[in-house]
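Architecture and fold: a report
Chain residues, written in single-letter form:
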Amino acid sequence: MEAPLLQAPPAITVTNAPSRYDLQYWWQVRQSDPDTALGFADDAPQSFEELLDRIDSGEYLFYLAHCADEVVGGLWMHDIIRDPDGTPRVGWIGAYVLSGHRGRHTTHVMWTLTHNTFVELGVRSIYWASHHKNTPSHTVAERHIGLYRVGIYRGFTLFGGEPTDCVIYATYEKDIESAWEWAKQRAEQQLV
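The paragraphs below set out a description of the structure included in this document. On a predicted model such as this, the values are computed, not experimentally measured, just so you know. What you see as residue numbers is a count from 1 along each chain, following the sequence as written. Only residues with pLDDT of at least 70 are given local features in this predicted model, and only at 80 or more are side-chain atom pairs given and counted; all residues enter the totals for whole chains, interfaces and linings. Hydrogens are left out, water is left out, and the side-chain values use all remaining heavy atoms of the structure.

1. Overview of the overall build of the chain
To keep things clear, this is the line we draw: Put simply, DSSP marks the helices as runs of H or I at least four residues long and the strands as runs of E at least two long, and each gets a number from the N terminus on. Using C-alpha atoms as the atom set, the radius of gyration is obtained and then compared with a globule rule of 2.2 Å times the number of residues to the power 0.38.
When helices and strands are counted, the chain shows 5 helices and 7 strands. Going from N to C terminus, the chain has its helices and strands arranged as β-α-α-β-β-β-α-β-α-β-β-α. At 17 Å, the chain has a C-alpha radius of gyration in line with the 16 Å of a compact globule built from 192 residues. Across its three principal axes, the chain shows a C-alpha extent of roughly 65 × 35 × 35 Å.

Shown next as structure tokens:
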């Protein structure tokens, strides 16, 4: 008897033009996930319409990930600093992977695909901030994506109305020192 053929898992793809249905599905799953209490600060969109506004205005460079026809996650750049010609130069990353796809290197694949796109767009520095108690996010940032841990920024942003410490990460080693400058600028803008 012959051994059964093994099939490779379907590849993850990302799109910056997801269907409204898929984007709304991702949003509803994210909003109903209790883990998001440590995942998203108070300045994150509070409604689907607000998310759409941020994507449509270019405030977010948003990519929805699929595996076959199934939505598996989203990754986006926010708090973008642009050159005078509109080219994105610096930004911060947000991500949310549906619980059934965590631990499968989904975030790593999403990051690889979107990072290449960000570089092609002209982005030179990319940062990540994570609630100091969100250890799964720290693991993903450090082990799966390979970001450089810069340190803990005290009172970086608001979670539940309270100033909260966040771990700051830099994508490139060359940006470790400048990470504090960008974190300070972002923190000051958020806490106004």
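Moving on from the coordinates now.
2. What about the sheet that holds strand E7 (residues 162–170)?
Note on sheets: strands pair through backbone hydrogen bonds, and any given pair is parallel or antiparallel. Convention followed: Any two strands with at least two DSSP-identified bridges between them are counted as paired. A fitted line through C-alpha atoms serves as each axis, taken over the contacting stretch for helices, and the angle formed by two N-to-C directions is quoted from 0 to 180°. Contacts were defined at the residue level, with two residues in contact if any of their heavy atoms lie within 4.5 Å.
In spatial order, the strands read E1-E2-E3-E4-E5-E7-E6; together these 7 strands make up an open sheet with mixed pairing. Edge strands, defined here as strands with exactly one partner in the open sheet, are strand E1 (12–15) and strand E6 (148–159). Direction aside, the axes of adjacent strands within the sheet are offset by 30 degrees on average. Sitting on the sheet, helix H5 (residues 176–190) touches strand E3 (70–82), strand E4 (88–97), strand E5 (125–131), E6 and E7, and the angle it makes with E6 is about 5 degrees.

3. Observations concerning the nonpolar core
Applicable threshold: Take the buried Ala, Val, Leu, Ile, Met, Phe, Trp, Tyr and Cys residues and link them wherever side-chain atoms come within 4.5 Å; each set so joined is a nonpolar core. Burial here depends on accessible area, computed with a 1.4 Å probe over protein chains only, as a share of the maximum for the residue type. Under 20% is buried, over 50% is exposed, and the range in between is partly exposed.
Of all hydrophobic cores here, the largest spans 23 residues; its most connected members are Met-77, Ile-93, Trp-111, Phe-118, Ile-126, Trp-128 and Leu-147. Ignoring any residue separated from it by four or fewer positions in sequence, one finds Met-77 in contact with Glu-59, Tyr-60, Leu-61, Gly-91, Trp-92, Ile-93, Phe-118, Val-123 and Ile-126. With 16 residues, the next largest nonpolar core counts Ile-81, Val-150, Cys-166 and Ile-168 among its residues.

4. Comments concerning the pattern of salt bridges
Our working definition: We define a salt bridge as a side-chain nitrogen of Lys or Arg found within 4 Å of a carboxyl oxygen belonging to Asp or Glu.
Enumeration according to the criterion identifies 10 salt bridges in this entry. Asp-79 is paired through a salt bridge with Arg-186; the nearest N and O atoms lie 3.3 Å apart. Here Asp-79, found in strand E3, pairs with Arg-186, found in helix H5; they are 107 residues apart in sequence, far enough to count as distant. According to the relative accessible area criterion, Arg-186 is buried, its value standing at 9%. Residues Glu-188 and Lys-184 are paired through a salt bridge, measuring 3.9 Å at the closest nitrogen-oxygen approach.

5. Describing helix H4 (residues 135–145)
Selection criterion: Throughout, the arc means that of the directions going from the helix axis to the C-beta atoms.
The set of residues buried in H4 consists of Ser-137, His-138, Val-140, Ala-141 and Ile-145. End-on, the buried residues of H4 take up no more than an arc of 160 degrees, which puts them together on one face. Away from the buried face of H4 by more than 90 degrees, exposed residues Pro-136 and Arg-143 are located. Here the buried face of H4 lies against helix H3 (106–121), E5 and E7. Looking one or two places after H4, you find Gly-146, whose phi comes out positive at around 85 degrees.

6. Focus: the environment of Ala-179
As for its position among the elements, Ala-179 is in helix H5. Once the C-alpha coordinates of Ala-179 and Asp-79 are considered, the two residues, 100 residues apart in sequence, prove to be 14 Å apart. Residues in contact with Ala-179, not counting those within four places in the same chain, are Tyr-127, Val-150 and Ile-168.

7. Concerning the side chain of His-101
Put simply, the rule is: For this analysis, a polar contact is any N or O atom pair within 3.5 Å, provided that within protein one partner can donate a hydrogen and the other can accept it, and provided that sequence-adjacent residues contribute only side-chain to side-chain pairs.
Along the polypeptide, His-101 turns up in the loop between E4 and H3. Reaching out from His-101, the side chain makes a polar contact with the side chain of Glu-70 at a distance of 3.1 Å. Residues in contact with His-101, not counting those within four places in the same chain, are Glu-70, Val-71, Val-72 and Thr-106.

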